[in-house]
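The primary structure of each chain is shown beneath.
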Amino acid sequence: MRSNPIYQDLIEQTFDFPQREFTIENNSLQFNNLPLMEIIEKYGSPLRITYLPKIGQQIQKARRLFNAAIANNDYKGNYVYCYCTKSNHFSFIVEEALKSKVNIETSSAFDFNLITKLEEKKKLTKDITIVCNGFKTQSYMDNITKAINSGYKNVIPVLDNLDELEKYGKTEEPINIGMRIAAEEEPKYEFYTSRLGIRPNEIVPFYKDKIENNPNFKLKMLHFFIDTGIKDVNYYWTEFHKSLKIYCELKKICPELNCLNLGGGMPIKQSLAFDFDYEYMINEIVTQIKTTCQQQGVEEPDIFTEFGSYTVGESGCVIFSVLGQKKQNDRETWYMLDGSLMNNLPDIWGLSQRFIMLPVNLWNNEYTQVNLGGITCDVGDYYNSDAHINQVYLPNIKEGERLHIGFFNTGAYQDTLSGYGGIKHCLLPSPPHVLIDEKKKGELTYKVFADEQTAESMLSILGY
Ligand SMILES: Cc1ncc(COP(=O)(O)O)c(C=O)c1O
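Residues numbered from 1 in each chain as written. Predicted model: local features only at pLDDT ≥ 70, side-chain atom pairs only at ≥ 80, totals over all residues. Heavy atoms only, no water.

(A) Representation of the domain arrangement of the protein chain within the structure. Parsing the protein chain into structural domains produces domain 1 (7-52 + 314-461) and domain 2 (73-307). For domain 1 versus domain 2, the separation of C-alpha centres amounts to 34 Å. Contacts between the two partners involve 26 residues from domain 1, matched on the other side by 16 residues from domain 2. A per-residue breakdown of the area domain 1 buries against domain 2 is headed by L52, I356 and Y413, which together make up 25% of the total. (Domains from an automatic or database assignment. Contact = heavy atoms within 4.5 Å. Buried area = accessible area lost by both parts, 1.4 Å probe.)

As structure tokens, this is what we get:
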């Protein structure tokens, strides 16, 4: 019997552990079976890692669950998976998602430059469905019409406001459009209704007034997106049913309407205690659409989703090492990291986002409560509470040992928000980025996508 509990005991007593993605081998953590210690020894720290196979696995899982729900419910429509590019625009991510034949959701003008590049590289064809969201600049709308006129057959701009319709250029065929319903926000926000989309009570009158007899447009899609995500809570279902009611009302007067877009917001694992039941939730969504459509006597729509975090979040992690310890008073011990949380994982600082944070090594050391300090001078550059508890525990570090820690499932939004490769707080460089693939089971391949950012690259942005 051990006298003092070790870190592994703490985790095993707190969670159902090991888990599919997190296992322990030789006292060290493996993430999706990746030997993290070996990777750190080879590529150093801090380090960004992308495990590419996870992307295809996530897409297949959602498709399998939606298609099963469609079959169980004898649902007449189809399921269409779109990848929301803004969650991670990197070529290796979008190209990996495209291998699973996803469609694309765009959010700005440059997305079309990205699509053109992918077409030149033969990663996609003009048959792909492109759902265009957001409050659009003229250049975004011009790129949309340009794509349609160049032969993209399935481009669906989703109207975000009532003025947008008149700003599209001429196309040979009528443009298939969508309309986004502005959702009521959750009470925690400082405003009642989302600034994105059109007020629910304006949707049907606008259709009758501006679209019904307009030869240039066909309304194909109704879109809603609940910002706080797809969750089995009253708030979600209330907003969901409001949108469904509008869909049925519109469908009765607009026969070409046949797509309902649920947006993004499928949750991902941000704590070892995560137990979201994807199968139940997806089946419930399909059942509720089917039941409401039957009650209203309208055909069931094709169901579109635009999952961003869900597609890419769980493929990424960021590794840091502890450079030193500081005890600042009797109760507060800091583990000082070799990189910045604020720079590399801005959601931690900006949204108080929690990720799965675990030590990579020293799992059989005793543990202690610590604060993690980023290496910038900013007071906000810290992490001191996990998702399940308002504290952080990590292994003690003995003389001569070096502790490495990882933030996991960080593959969505962090690079774009932190301005990857740009100028950074305290001139700290973007860390190197390693891509890991597994073409055959157990055979990992490694590719350095980017080395650590150089001083010259940063100084040239700064005009030196
Ligand atoms: C219109 C729209 N669709 C999809 C998404 C993707 O959301 P998530 O990453 O939560 O799946 C967003 C994110 O902001 C969005 O605004």
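(B) The sheet that holds strand β10 (residues 217-224), seen in detail. Read around the closed barrel, 8 strands run β5-β6-β7-β8-β9-β10-β11-β12, paired in parallel fashion. Going from strand to strand, the sheet's axes swing by 30° on average, the running direction of each strand aside. Sheet strands in contact with helix α5 (residues 110-120) are β6 (103-106), β7 (129-132) and β8 (154-159), and its direction is about 155° off that of β6. (Pairing = 2+ DSSP bridges. Helix = DSSP H or I, 4+ residues; strand = E, 2+ residues; numbered from the N terminus. Axes fitted to C-alpha atoms, helices over the stretch in contact; angles between N-to-C directions.)

(C) Examining the sheet that holds strand β2 (residues 28-31) more closely. The 3 strands lie next to each other as β1-β2-β3, forming an open sheet whose pairing is antiparallel. The outermost strands of the open sheet, each flanked by one partner alone, are β1 (22-25) and β3 (34-35). Two strands pair when backbone bridges link them, and β1 and β2 are joined in this way by 4 bridges, in the antiparallel orientation. Note that in β2 the partner of E25 across the bridge is S28.

(D) Molecular detail of the state of the cysteines. Evaluation of the coordinates by the stated rule reveals 0 disulfides. Distance from the sulfur of C254, which forms no disulfide, to the nearest cysteine sulfur (C259) is 11 Å. You can see C377 has no disulfide; the closest cysteine sulfur is in C426, sitting 3.6 Å from it. (Disulfide = S-S within 2.5 Å.)

(E) Structural view of helix α7 (residues 200-211). Between its first and last C-alpha atoms α7 spans 16 Å; for 12 residues at 1.5 Å apiece the expected length is 16 Å, and the two agree. Listing the buried residues of α7 in full gives I203, V204, F206, Y207 and I211. For α7, the angular spread of buried residues about the axis comes to 165°, placing them on one side. Turned more than 90 degrees away from the buried face of α7 sit N201 and D209, all of them exposed. At its buried positions, α7 is contacted by β8, β9 (175-181), β10 and α8 (234-253). (Expected span 1.5 Å × (residues − 1). Buried < 20%, exposed > 50% of the residue type's maximum accessible area, 1.4 Å probe, protein only. Arc of directions from axis to C-beta.)

(F) The arrangement of helix α1 (residues 7-14) in detail. What α1 keeps buried is the set Y7, Q8, D9, L10 and I11. The inward-facing, buried residues of α1 contact β1, β15 (356-359), β16 (367-369) and β19 (393-395).

(G) Structural detail: the site of the ligand. Around the ligand, the structure places 13 residues, and the nearest of them are G265, E306, G308, S309 and Y413. E306 has a polar side-chain atom sitting 2.6 Å from a nitrogen atom of the ligand. Within the contact set of the ligand, an oxygen atom lies 2.9 Å away from a backbone nitrogen or oxygen of G308. In the complex, the protein chains occlude 84% of the 390 Å² of accessible area that the ligand would expose alone. Considering only residue class, the shell around the ligand consists of 4 nonpolar, 5 polar and 4 charged. (Near = heavy atom within 4 Å. Polar contact = N/O pair within 3.5 Å; in protein donor to acceptor, adjacent residues only side chain to side chain. Areas by Shrake-Rupley, 256 points an atom, 1.4 Å probe, with all protein chains shown as cover. Nonpolar A, V, L, I, M, F, W, Y, C, P; charged D, E, K, R; others polar.)

(H) Highlighting the environment of L34. Considering the arrangement of structural elements, one finds L34 in strand β3. Excluding anything up to four places from it in sequence, L34 contacts L29, I39, I49, Y51, I436 and L444.

(I) The arrangement of the packing of α8 against helix α9 (residues 278-296) in detail. Between α8 and α9, the least distance of the axes is 10 Å, while the angle of their chain directions is 40°. In this structure, the crossing between α8 and α9 has a hand that is right-handed. Counted together, Y236, W237, F240, H241, L244, C248 and K252 of α8 and M281, E284, I285, Q288, I289, T292, C293 and Q296 of α9 form the full contact between these two elements. By residue class, the composition of the contact of α8 with α9 is 9 nonpolar, 4 polar and 2 charged. (Left-handed = near helix turned anticlockwise from the far one by under 90°.)

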